[in-house]
Amino acid sequence: MKLSFSTSSCPDLSFDKIMLKAKALRFNGIELDSIGNETYLPNTEDLSCNKLENTLKLLNANGLEVPLLASHTLLCDTKNKVTLMQEPYEYIDLAEKAGIKNISVFADKNIEPSINDDLDIFFIMENLKQVCAYAMPKEINILVETNGIFSDSRFLARMLREINCNNAGVSWNVNNTVRYSFEKPAQTVAVFGNRLKHVHLNDTLTQNGSIEYKPLGRGDLPIKETVAALKENGYSGYISLAWPKRDLPELLDADTILPQFLYYIKNLME
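In this text the structure is predicted, and so the values were computed from the model without any measurement.

(A) Summary view of the sheet that holds strand β6 (residues 168-173). If you walk across this open sheet you meet the 8 strands as β2-β1-β10-β7-β6-β5-β4-β3, and the pairing is parallel. The sheet is open, and its two edges are formed by β2 (29-31) and β3 (69-74), each paired on a single side. When the angles between neighbouring strand axes are averaged without regard to direction, this sheet yields 30°. As judged from the 4 bridges shared by β6 and strand β7 (residues 196-201), these two strands associate in the parallel manner. Considered in β7, the bridge of tryptophan 172 is made with valine 199. Across the face of the sheet, helix α3 (residues 86-98) comes into contact with β3, β4 (102-106) and β5 (141-145) while running at roughly 165° to β3.

(B) Geometry of the packing of aromatic side chains. Following the criterion strictly, the structure yields 6 aromatic pairs and no others. Between phenylalanine 5 and phenylalanine 27, the aromatic rings sit 4.8 Å apart at their centres with planes inclined by 70°, giving edge-to-face as the arrangement. A residue pair is termed long-range when its members are at least 10 positions apart, and phenylalanine 5 in strand β1 (residues 2-6) and phenylalanine 27 in the loop between α1 (15-25) and β2 qualify at 22 residues. Owing to a relative accessible area of 0%, phenylalanine 5 belongs among the buried residues under this scheme. Judged by relative accessible area, phenylalanine 27 falls into the buried class, the value being 3%. One aromatic cluster in this structure is built from Phe5, Phe27 and Phe261. Geometry around tyrosine 134 places lysine 138 over its ring, the cationic atom sitting 5.0 Å from the centre.

(C) The arrangement of the pairing of β1 in detail. Of all the 5 residues making up β1, 4 are buried; the element is thus mostly covered by neighbouring parts of the structure. Alignment of β1 against strand β10 (residues 238-241), held across 4 bridges, turns out to be parallel. Each residue of the ladder has a partner; that of lysine 2, found in β10, is tyrosine 238. By the bridge criterion, 3 bridges tie β1 to β2 in an arrangement that is parallel. Bridged to serine 4 within β2 is glycine 29.

Parameters at a glance
Residues numbered from 1 in each chain as written. Predicted model: local features only at pLDDT ≥ 70, side-chain atom pairs only at ≥ 80, totals over all residues. Heavy atoms only, no water. Pairing = 2+ DSSP bridges. Helix = DSSP H or I, 4+ residues; strand = E, 2+ residues; numbered from the N terminus. Axes fitted to C-alpha atoms, helices over the stretch in contact; angles between N-to-C directions. Contact = heavy atoms within 4.5 Å. Phe/Tyr/Trp six-rings, centres within 6.5 Å; stacked < 30°, edge-to-face > 60°. Buried < 20%, exposed > 50% of the residue type's maximum accessible area, 1.4 Å probe, protein only. Lys NZ or Arg CZ within 6 Å of the ring centre and 35° of its normal.

Right under this line is the structure:
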């Protein structure tokens, strides 16, 4: 298994400084979610046509790769049917130019499942099929994040079987399957099988009905069981720290959380 972190954990850093930090700490890769205040990656200067080649050279020189482009595409967005496909298509085009093999999307706008969800599952499935079809000849995987009602691994796995696209996979947010679907990690890993292409990991506690993010080992998520299940099933992809400091600036900064994540997770991987 390899280790990365989402750029959302260090929103105050330029991409050059993010690379230097990742190299210094000996991460294997950087998951691109946003750079600075820009959350739409095709618009970022470092990934523009003028700078992309140089950015790729710098990544390679620092021994780093990008395991995932994290898009903010909502496949459930019925209010924007006309423009809905533009975003994932532009992410796919960018991934092809950069040699990146995985792009994540959201099928539910909510993190926590809600009885008020008004989701058109067939609309979501059709959109996912279209995006996968566009990505297939470019050899890019489209990964659905486990959030909202898709925190239920069996429900998500069933949808992926129904659309029958070989490049449709899963980006597993461990917090969501544990908190909202009450799944044990071994169960989730077994259900997804080889559809599991990326893992988002953090630790959390539930306080007064709200989620509080904690350094690994300071919350009550089954981190050890998660790593053990991945090892037992021969998972060879990335475990990526999902630390949403861009949205929650009160969280610990990257200088504190990144080394702690590495120390804790590497001990479990040995």
